[in-house]
Amino acid sequence: MPSDTNSAQNRNVGKGLALLDISIASDFLAVRGALRQVVTVLQNRSAPEDMIDLVQIVLAEALNNVVEHAYCDCSGTIRLSLTCIENGILCRIEDCGHPMPEGRIPECQLPQEREGIELPEGGFGWYLIRSLSREVSYTRMRFCNALSIILDCTQSTKSTRIAS
Amino acid sequence: MQLITDPQGDLLIVRAAEDRIDAAVAIQFKDRMREIVQEPSQRVILDLSQVVFLDSSGLGAVVAVMKLLGPDRKLELAGLTPTVEKVFRLTRMDSVFTIHSKVPVGQRHAV
């Protein structure tokens, strides 16, 4: 289970190969554009489909959260960076929108289990992020948010170039 | 948000002619489907074979459409591509729908 610690940020990622470092506007179409770039970068590095899926699913949720919540009543930029680390990819999302409520990542159960609703229409995002990541951590730095997500390389990724 | 309808008697097939059902289009998708499903039909099959990506907003919109149909009508899904299938499975929402690998064209009973 992923841990909610700051170790993801303290990790020395200076050695990691930088895959992507972009800034986008805080809207859903810009998120689509960012995801397209992420997929392209991973395909260029011969990442297998299941790894690309993993990264895209997690980042879609994390970036959409920033648009919907951090920038719910304002707009700004979102910085997304991806770095190869040992047996994984470190994703960092930074924005200068509102802080997370209570300064921490929300409850991450499936909405069906949390609320007992059979047909929930929302609340899946954090569950997807947490259940698919090795580690997720959040920091509020004065006026900005930083979310770090470490994704494990899938089995099929380990024998490819992308695993450093 | 392009949705193409193909009524076949008691079965309405709606094909999503979009690559992505995500946060950018979830509301339009719901609104268009709300109009489309006003046509009475016992079963509605949503053909997602063109959709290569669906996020939790898209998933929520599909669930909302199921609820729009009410208790007497069924929403079925067809042609889930791998990434879309993954999101349904990971959230355990795949068990909530009848899922066909392909649209059962010309058939008027459940596959």
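About the criteria used
Residues numbered from 1 in each chain as written. Chains lettered and ligands numbered in written order. Predicted model: local features only at pLDDT ≥ 70, side-chain atom pairs only at ≥ 80, totals over all residues. Heavy atoms only, no water. Helix = DSSP H or I, 4+ residues; strand = E, 2+ residues; numbered from the N terminus. Contact = heavy atoms within 4.5 Å. Axes fitted to C-alpha atoms, helices over the stretch in contact; angles between N-to-C directions. Parallel < 35°, antiparallel > 145°, perpendicular 65-115°, else oblique. Left-handed = near helix turned anticlockwise from the far one by under 90°. Nonpolar A, V, L, I, M, F, W, Y, C, P; charged D, E, K, R; others polar. pLDDT = per-residue confidence, 0-100. Disulfide = S-S within 2.5 Å. Buried < 20%, exposed > 50% of the residue type's maximum accessible area, 1.4 Å probe, protein only. Core = buried A, V, L, I, M, F, W, Y, C linked by side-chain atoms within 4.5 Å. Pairing = 2+ DSSP bridges. Right-handed = clockwise from strand over helix to strand, strands pointing away.

**Quick notes on the environment of Leu68(B)**
All names here are of chain B. Note that Leu68 resides in helix α2 (residues 56-69). Along the chain, Leu68 and Glu18 lie 50 residues apart, while their C-alpha atoms are 21 Å from each other. Contact partners of Leu68, with chain neighbours within four places excluded, come to Lys30 and Arg34.

**Digging into the packing of helix α3 (residues 49-70) of chain A against helix α5 (residues 125-132) of chain A**
All names here are of chain A. The contact between α3 and α5 brings their axes to 9 Å, and the two run at 135 degrees. In terms of their interaxial angle, α3 and α5 are classed as oblique. Here α3 runs over α5; the crossing is left-handed. Contact residues: α3 offers Leu54, Ile57, Val58, Glu61, Ala62 and Asn65, while α5 offers Gly125, Trp126, Leu128, Ile129 and Leu132. Looking at side-chain class alone, the contact of α3 with α5 contains eight nonpolar, two polar and one charged residues.

**Considerations on the confidence of the model for chain B**
Residues with a pLDDT of 70 or more make up 94% of chain B, whose mean pLDDT is 92. Among the prediction metrics, the complex's ipTM stands at 0.92, with pTM recorded as 0.90.

**Focus: the state of the cysteines**
Residue and element names in this part refer to chain A. Tallying each qualifying case throughout the model produces one disulfide over all chains. Residue Cys96 pairs covalently with Cys144 via a disulfide, S to S 2.3 Å. Across the disulfide from Cys96 to Cys144, rotation about the S-S bond amounts to roughly 75 degrees, and the bridge is consequently right-handed. On the criterion of sequence distance, the pair formed by Cys96 in the loop between β3 (88-95) and α4 (111-115) and Cys144 in strand β5 (residues 144-152) is long-range, its members being 48 residues apart. The partly exposed category is assigned to Cys96, whose relative accessible area is 46%. Here Cys72 is not cross-linked by a disulfide; its sulfur's nearest cysteine counterpart is in Cys74, at 6.3 Å. Taking relative accessible area as the criterion, Cys74 reaches 33% and is therefore assigned partly exposed.

**Focus: the nonpolar core**
Of all hydrophobic cores here, the largest spans 81 residues; its most connected members are Leu59(A), Leu80(A), Leu82(A), Leu147(A), Leu75(B) and Phe88(B). Broken down by element, this core gets its largest block of residues, 13 residues, from α3(A). Ignoring anything within four residues of it in the chain, the contact list for Leu75(B) reads Val44(B), Leu46(B), Val62(B), Val65(B), Met66(B), Leu69(B), Phe97(B) and Thr98(B). Of all hydrophobic cores here, the second largest spans five residues; its members include Leu11(B), Ile45(B), Ala78(B) and Val103(B).

**Considerations on the pairing of strand β6 (residues 74-78) of chain B**
All names here are of chain B. Of all five residues that make up β6, four are buried, and the element is covered over most of its length. Bridge analysis of strand β4 (residues 43-47) against β6 gives five bridges, and the strand direction is parallel. Note that in β6 the partner of Leu46 across the bridge is Leu77. Here β6 runs beside strand β7 (residues 98-100); their pairing, made up of three bridges, is parallel. Of the residues in β7, the one forming a bridge with Glu76 is Thr98. Each parallel crossover has a hand, and for β6 linked through helix α3 (residues 82-90) to β7 it is right-handed.

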